[in-house]
Amino acid sequence: MHTQIYLLRFSKESSDRPLVYRLVKDYDLEFSILKADILLQREGMMILEIKGAKESVKAGLDYLRGCGVRAQRLTSRIRRDDSKCFQCGECAGICPSGALSISRPSMAVVFDAERCTGCDLCVPICPVRAMEIIPDRDMALAEDLA
Ligand code: SF4
Ligand code: SF4
């Protein structure tokens, strides 16, 4: 499962069409709306977390772009909410970069943000969603636009 955050900008013509819902119906994607400012017949913006197979995400974005929506991927980084993490170790088994690892002999799950490549594999595997995607300065820029 691929998870990324996108900034979508809608033209006046596309703002009153239910385009985002086609992502679920036609492209087998899941999404969460993180922020939206859309009114009928006005330009608008939406920040969307999209989840799905890489090819499906690409096809869904191509569809949106074909409908006149400008879609820009927001770069992100990962953080761990230590208040949620209960040290189960699931994420350490999947992390390809070694950013998440088990320290012996304490068996504590250690997160080294410097080694994180932002692949997002740990986000869906964490049972309590302790691993979170945090948009970087591009997100701040998008928020300023709202
Ligand atoms: S999968 Fe989640 S709860 Fe388990 S160690 Fe990793 S961050 Fe903590
Ligand atoms: S995003 Fe990827 S590299 Fe970073 S901690 Fe999670 S699994 Fe490891």
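Sequence order as written defines the numbering, with residues in each chain counted from 1. Lettering of chains starts at A and numbering of ligands starts at 1, both following the order in which they are written. Selection of residues for local features in this predicted model requires a pLDDT of at least 70, selection of side-chain atom pairs for listing and counting requires 80 or more, and totals for whole chains, interfaces and linings are taken over all residues.

Draft legend 1. How the structure looks around the site of ligand 1. Here is the check we use: build the C-beta atom from the backbone, and if it is within 6 Å of the molecule or strand, call the residue near. Residues in close proximity to ligand 1 total 13 residues, the closest being Cys85, Cys88, Glu90, Cys91 and Cys126. Here the term charged refers only to Asp, Glu, Lys and Arg, the term nonpolar to Ala, Val, Leu, Ile, Met, Phe, Trp, Tyr, Cys and Pro, and the term polar to all other amino acids, Gly among them. Here the shell around ligand 1 is composed, by residue class, of nine nonpolar, two polar and two charged.

Draft legend 2. How the structure looks around the nonpolar core. By our criterion, buried Ala, Val, Leu, Ile, Met, Phe, Trp, Tyr and Cys residues that link up through C-beta atoms within 7 Å make up a nonpolar core. Residues with at least 20 neighbouring C-beta atoms inside 10 Å of their own are called buried, those with 12 or fewer are called exposed, and the rest are partly exposed, where every C-beta is derived from the backbone. Core analysis: the biggest nonpolar cluster contains 18 residues, and Tyr6, Leu8, Leu48 and Ile50 have the highest contact counts within it. Elements with a contribution of two residues or more to this core: strand S1 (2-10), helix H1 (19-27), strand S3 (44-52) and helix H2 (54-66). Helical segments are the DSSP runs of H or I of at least four residues, strand segments are the runs of E of at least two, and each set is numbered from the N terminus. Looking at which element gives the most residues to this core, the answer is S1, with five residues. This entry defines residue contacts through backbone-placed C-beta atoms, with two residues in contact when those atoms are within 7 Å. Once residues within four sequence positions are removed from consideration, Leu8 is found in contact with Met45, Met46, Leu48, Leu64, Val69 and Ala71. Counting residues in hydrophobic clusters, the runner-up holds twelve residues, among them Cys91, Leu100, Cys122 and Cys126.

Draft legend 3. Just the site of ligand 2, in detail. As a matter of local geometry, ligand 2 sits amid 14 residues, with Cys95, Ala99, Cys116, Cys119 and Cys122 nearest to it. Per-class residue counts for the shell around ligand 2 are ten nonpolar, three polar and one charged.

Draft legend 4. Local environment of the packing of H1 against H2. Axis angles are defined between N-to-C directions and span 0 to 180 degrees, where every axis is a line fitted to C-alpha atoms and, for a helix, only to the segment in contact. At a minimum axis distance of 10 Å, the contact between H1 and H2 shows a crossing angle of 140°. The two elements H1 and H2 meet at a crossing, and its hand is right-handed. Between H1 and H2, the residues in contact are Leu19, Arg22, Leu23 and Tyr27 and Ser56, Ala59, Gly60, Tyr63 and Leu64, respectively. Of the residues that constitute the contact of H1 with H2, the class distribution is six nonpolar, two polar and one charged. In this scheme, a crossing is called left-handed if the near helix is turned counterclockwise away from the far one by less than a right angle; it is called right-handed if the turn is clockwise.

Draft legend 5. Geometry of the pairing of S1. Alignment of S1 against S3, held across nine bridges, turns out to be antiparallel. Opposite Phe10, over in S3, you have Gly44 as the bridge partner. Relative to strand S4 (residues 70-74), S1 runs antiparallel, the two being bridged by five bridges. Following the sheet pairing, Tyr6 is matched in S4 by Arg73. A pair of strands is labelled paired if DSSP reports no fewer than 2 bridges between them.

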